[in-house]
Amino acid sequence: MSQDQVIPFKGDFIGNRWIHTDKADEEWAVQSPANLKDTVIEMSARFDHVEQAVQAARKAYLPWAHLGLEKRKAYLLRLKEMFIAKGGELAEILSRETGKPLWETKTEVGAVTGKIDITLNHSVKQIAEEEIKDALPGISGFTRHKPRGVMAVIGPFNFPAHLPNGHIIPALIAGNTIVFKPSDKTPVAGQWMAECYEKAEFPAGVFNMVQGRVETGKRLVMHDQVDGVLFTGSYEVGLKIKQDTLTHHWKLLALEMG
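Okay, so let's go over this structure. These numbers were taken from a predicted model, which means no experiment stands behind them. All residue numbers here refer to positions counted from 1 along the written sequence of the relevant chain. Under the rules for a predicted model, residues below a pLDDT of 70 receive no local features and side-chain atom pairs below 80 are neither given nor counted, while totals for whole chains, interfaces and linings still include all residues. The side-chain figures draw on all heavy atoms in the structure; neither hydrogens nor water molecules are used.

1. Some thoughts on the pattern of salt bridges
Throughout this description, the term salt bridge denotes a Lys or Arg side-chain nitrogen within 4 Å of a carboxyl oxygen of Asp or Glu. Following the criterion strictly, the structure yields 13 salt bridges and no others. One salt bridge in this structure joins Lys-10 and Glu-195, with 3.5 Å as the shortest N-O distance. Remark: Glu-195 occurs in helix 6 (residues 187-199) and Lys-10 occurs in the segment before strand 1 (12-14); sequence separation between them is 185 residues. Burial status follows relative accessibility: with a 1.4 Å probe on protein chains alone, a residue under 20% of its type maximum counts as buried, one over 50% as exposed, and anything between as partly exposed. Residue Lys-10 is classed as partly exposed on the basis of its relative accessible area of 31%. Where helices and strands are cited, they refer to DSSP runs of H or I of at least four residues and of E of at least two residues respectively, numbered from the N terminus.

Structure, rendered in structure tokens:
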């Protein structure tokens, strides 16, 4: 990848389609922290794409949840193949977007792929059905875990592939669907992830990705059809999400704040 090449912006990934922002609500450019003369990508966003993405995820939710664990595993294993095949490209993207040396970004690529193995080989055991014999005299009890619904994943800039992926993979295997908003400082990593889901041929609407800045993130976390918010970022933003969703009693919050 040429360091002076501006990466083409593909738009938002909604319902397995790339939707470009013809009439943008906001625009910005991303420069590499390692070389401020290096424009990595020129971005734009449409606020109404949040609504489209949430509705696509909502429509896909029940079919994905009812698909069953083994079939969901098969999709994630295909995704792992895409991560491996495109891993070198991601390392270069991360190096430009974050300003990190290439040797370090290659470790993040390994973590992205490794998350699938860890989740399928170890974490799935945590949501397996369990029988509790003699929960009452002569009566067995059972613990069963059910998916929550549409998960909004808000990614950070410091590990823009690994950290959101750490939310997305477990949520997907458990039967939830995703609307992912990458950091506006590292949008190409999010675009790369969406390309991998596209190539892995996930069912339409299971994974969606919208680009944007503060307003896009606010609209996503406050949407009443979102069932959970999985956030990694600053204390200030995490606190604001908590305040904004205080009356959203149905909404699961996982706030990993620096």
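2. Here's the deal with helix 3 (residues 87-98)
Residues spaced three or four apart along an α-helix point in a common direction, a consequence of the helix completing one turn every 3.6 residues. With 12 residues, helix 3 should cover 16 Å at 1.5 Å per step; its first-to-last C-alpha distance of 16 Å lies within 8% of that length. Counting buried residues in helix 3 gives 9 out of 12 residues, a clear majority hidden from the surface. Those residues of helix 3 that fall on the buried side of the exposure criterion are Gly-87, Leu-90, Ala-91, Ile-93, Leu-94, Ser-95, Arg-96, Glu-97 and Thr-98. If you follow the buried residues of helix 3, they end up packed against strand 3 (26-32), strand 4 (35-45), helix 2 (69-85), helix 4 (102-121) and helix 6. The first or second residue beyond helix 3 is Gly-99, which carries a positive phi of 80°. What a helix should span is 1.5 Å times the count of its residues minus one. Whether two residues are in contact is decided by their heavy atoms: any pair within 4.5 Å suffices.

3. Overview of the packing of aromatic side chains
Put simply, two rings from Phe, Tyr or Trp (the six-membered ring, in Trp's case) pair if the centres are within 6.5 Å, and we call them stacked under 30 degrees between planes, edge-to-face over 60, tilted for the rest. Considering all chains together, one arrives at 8 aromatic pairs under this definition. Here the aromatic rings of Phe-13 and Trp-18 are separated by 5.0 Å at their centres, their planes lie at 50°, and the arrangement is tilted. Phe-13 gets classed as buried once you look at its relative accessible area, which sits at 0%. Judged by centre distance (5.0 Å) and plane angle (65°), the ring pair of Tyr-197 and Phe-202 falls under edge-to-face. Like Phe-202, Tyr-197 is buried. Among the aromatic residues, those joined into a cluster by ring pairs are Trp-64, Tyr-75, Phe-180, Tyr-197, Phe-202 and Phe-207. A ring has a charge above it when a Lys NZ or an Arg CZ is no more than 6 Å from the ring centre and no more than 35 degrees off the ring normal. Here the basic side chain of Lys-100 rests over the ring of Phe-159, its NZ or CZ set 3.6 Å away from the ring centre.

4. What about the nonpolar core?
Joining through side-chain atoms within 4.5 Å is the link that ties buried Ala, Val, Leu, Ile, Met, Phe, Trp, Tyr and Cys residues into a set, and such a set is a nonpolar core. Counting residues in hydrophobic clusters, the biggest one holds 48 residues, and the most contacted among them are Leu-76, Leu-79, Ile-168, Leu-172, Ile-178, Phe-202 and Phe-207. Ranked by the residues each element gives to this core, the list is headed by helix 6, at 7 residues. Ignoring any residue separated from it by four or fewer positions in sequence, one finds Leu-172 in contact with Trp-64, Arg-72, Leu-76, Ile-178, Tyr-197, Phe-202 and Val-206. Judged by nonpolar contacts, the second largest core, of 18 residues, contains Ile-19, Val-50, Ile-154 and Phe-231.

5. Details of helix 1 (residues 49-66)
The first and last C-alpha atoms of helix 1 sit 27 Å apart over 18 residues, in line with the 26 Å expected at 1.5 Å per residue. Among the residues making up helix 1, those that are buried are His-49, Val-50, Ala-53, Val-54, Ala-56, Ala-57, Ala-60, Tyr-61, Trp-64 and Ala-65. Of the residues one or two after helix 1, Gly-68 is the one with positive phi, at around 100°.

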